[in-house]
Amino acid sequence: MAEAFLHGYTGFVGTASTGGSRGIYRIRLNAATGEIHVLDTMPMYHAGYLTISKDRRNLYVLSEGMTFKGRASGGITAYDISDGKFEELNWAVTGGQRPCFVYCDDNSAEIYVSNFYQGTMAAFRRQDDGRIGERLVCVKAHDTTPVGPFLHCVMKSPAGRYLAALELIGGSIYIYDCENQYRLVWKEELEAHSGPRHMVFSEDGRFLYVNRQDDEKVSVYYFAPDSKRILTHVQTISVRTPDMKGKTEPAAIRLCPGGRLLAVSNRGMGRENREDSISIYGVDTETGRITLISVIKTEGEMPRDINFTPDGKFLVVAYQFQGYPDLFRVEGETLIYTGAGCKIPSPVCIAF
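Residues numbered from 1 in each chain as written. Predicted model: local features only at pLDDT ≥ 70, side-chain atom pairs only at ≥ 80, totals over all residues. Heavy atoms only, no water.

### Let's talk about the nonpolar core
- Ile24, Leu59 and Met121 are the most contacted members of the largest nonpolar core, which has 61 residues in total.
- Broken down by element, this core gets its largest block of residues, five residues, from strand β13 (residues 162-167).
- If near-sequence neighbours (up to four positions away) are discounted, Leu59 is found in contact with Phe12, Ile24, Leu50, Thr51, Ile52, Thr77, Ala78, Tyr79, Ile81 and Phe86.
- By size, the runner-up hydrophobic cluster in this structure holds 16 residues, among which are Phe308, Tyr324, Phe328 and Val330. (Core = buried A, V, L, I, M, F, W, Y, C linked by side-chain atoms within 4.5 Å. Buried < 20%, exposed > 50% of the residue type's maximum accessible area, 1.4 Å probe, protein only. Helix = DSSP H or I, 4+ residues; strand = E, 2+ residues; numbered from the N terminus. Contact = heavy atoms within 4.5 Å.)

Next up, the structure:
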């Protein structure tokens, strides 16, 4: 008898081109047994960050190298994943090197990419069949640091009009109006040496959560695009507990479906006193404030990305250094370790 898998537990993993990686891995998580299986793979050089369209018809994957198809740029490739397919549609250069985040907005039919080097945000048209269309704009972040800008993340607000972007070195949040020629309408400067890396909006769009890799914290902002002050700082809280000894760098930040839990993956730095872990916060959905519930030390090193399953029942953790995903079951405000998944070399991003 064939194993029964939930449809929503089919996902994709992007991998760096080291340790025998084959590119993009399509996986399936068995909800009954907690096992993760590789279904198939698709070749790609440095298949880094990836995202699935909300209609689940298309997958968009970044090639995070310095060159792509002979050009001095990173690349983005579109795939048809409807009805069990996994077929390449087309590709485009991103207009900058080392692209590191991609976001698809089904409502506006646009795809957004952050290019780490050159510090640019590129927007592409999403065609009716899911192909990558014309590049609509390539905007450079307004950073004044000597070495920047280094744009690390871009994400659309749930209401759909505004795009947020994070500049890592200069420590800034940019808000662009996508319905007004992608005009910059707000710049929020964080403290020096904060290193904003990734972010997530609350499901109702009222709050923005930003993890900070350099000072090991999470910041919360009230997002009010129709107000004079678009972002208002609510809270900044550590990813650490007092007994942690070694340095860590927050990597990924994800909200559990329903918004009651926030998870941050922390990459341990150095060989001694490694603090590879997952910080779990409770979320007050009315105020946006978060409370650190626990910091769970992981079995593997370098938890580069984490992601909840669409129903919020599981959290998958990908260890870049050790080449496999771990699985945790979500029970209330607690994560229960379920077991190690299958071998996937150098995993850097998970999408469901």
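### Side note on the packing of aromatic side chains
- Here the structure, examined in full by the defined rule, presents 14 aromatic pairs.
- Here a set of aromatic residues connected by ring pairs shows up, and it is made of Phe12, Tyr79 and Phe86. (Phe/Tyr/Trp six-rings, centres within 6.5 Å; stacked < 30°, edge-to-face > 60°.)

### A look at the layout of surface pockets
- Its volume calculated, the largest pocket comes out at about 1000 Å³.
- Considering the residues around the largest pocket, the lining is formed by 39 residues, among which Lys54, Tyr103, Val200, Arg254 and Asn307 are closest to the centre.
- Contributions of two or more residues to the lining of the largest pocket are made by β4 (47-52), β8 (99-105), β12 (151-156), β16 (196-201), β20 (248-255), β24 (303-308) and β28 (347-351).
- With five residues, β8 is the largest single contributor of residues to the lining of the largest pocket.
- Among the residues forming the lining of the largest pocket, the class breakdown is 22 nonpolar, nine polar and eight charged.
- Of the volumes computed, that of the second largest pocket is approximately 360 Å³.
- Taken together, 17 residues line the second largest pocket, and the ones lying closest to its centre are Glu64, Arg98, Cys100, His152 and Arg304. (1 Å grid on protein atoms, 1.4 Å probe; cavity = no way out; pocket = protein on both sides within 12 Å on 5 of 7 lines; lining within 4 Å. Points joined across faces, edges and corners; volume = space filled by probe spheres on them. Nonpolar A, V, L, I, M, F, W, Y, C, P; charged D, E, K, R; others polar.)

### As for the pairing of strand β21 (residues 261-268)
- Counted residue by residue, β21 has eight buried out of eight residues, so it is predominantly covered.
- Note that β20 and β21 share six bridges and pair antiparallel. Bridge pairing in β21 links Thr248 to Gly268.
- In textbook terms, the turn of a hairpin is the stretch between consecutive antiparallel strands, and for β20 and β21 this stretch comprises five residues, one of which, Gly258, has a positive phi near 100 degrees. (Pairing = 2+ DSSP bridges.)

### A few points about empty space enclosed by the protein
- Per the counting criterion, the structure on display carries one cavity of 30 Å³ or more.
- Taken as a whole, the largest cavity encloses approximately 70 Å³ of empty space.
- Every residue along the wall of the largest cavity is listed here: Gly48, Tyr49, Glu64, Cys100, His152, Arg197, His198, Arg304, Val348 and Cys349.
- The set of elements that each furnish at least two residues to the lining of the largest cavity consists of β4, β16 and β28.
- Of the residues that constitute the lining of the largest cavity, the class distribution is four nonpolar, three polar and three charged.

### Some thoughts on the pattern of salt bridges
- By the definition in use, this model includes 21 salt bridges.
- A salt bridge links Glu189 to Lys187, with the nearest nitrogen and oxygen atoms 3.8 Å apart.
- The exposed category is assigned to Glu189, whose relative accessible area is 58%.
- What makes Lys187 partly exposed here is its relative accessible area of 29%.
- Here the salt bridges do not stand alone but share partners, grouping Asp55, Arg57, Asp106 and Arg126 into one network. (Salt bridge = Lys/Arg side-chain N within 4 Å of Asp/Glu carboxyl O.)

### Observations regarding the sheet that holds β12
- The antiparallel open sheet is built from four strands, whose spatial order is β12-β13-β14-β15. The sheet is open, and its two borders are formed by β12 and β15 (183-189), each paired with just one other strand. The average undirected angle you get between the axes of adjacent strands in this sheet is 20 degrees.
- As paired elements, β13 and strand β14 (residues 172-177) share six bridges and run antiparallel to each other. Paired with Glu167 across the bridge in β14 is Ser172. (Axes fitted to C-alpha atoms, helices over the stretch in contact; angles between N-to-C directions.)

### A few points about the side chain of Gln213
- Within the element layout of this structure, Gln213 appears in the loop between β17 (207-212) and β18 (217-223).
- The class of Gln213 is buried, set by a relative accessible area of 9%.
- Looking at Gln213, its side chain comes within polar contact range of the side chain of Arg267, at 3.3 Å. (Polar contact = N/O pair within 3.5 Å; in protein donor to acceptor, adjacent residues only side chain to side chain.)

### Some details on the sheet that holds strand β11 (residues 132-140)
- Pairing is antiparallel across the open sheet formed by four strands, whose spatial order is β8-β9-β10-β11. Of all the strands in the sheet, just β8 and β11 have a single pairing partner and so form its edges. Geometrically, the sheet is characterised by an average inter-axis angle of 20 degrees between neighbouring strands, direction not taken into account.
- Where β8 and strand β9 (residues 110-115) come together, six bridges link them in antiparallel fashion. Across the sheet, the residue bridging to Pro99 is Asn115, located in β9.

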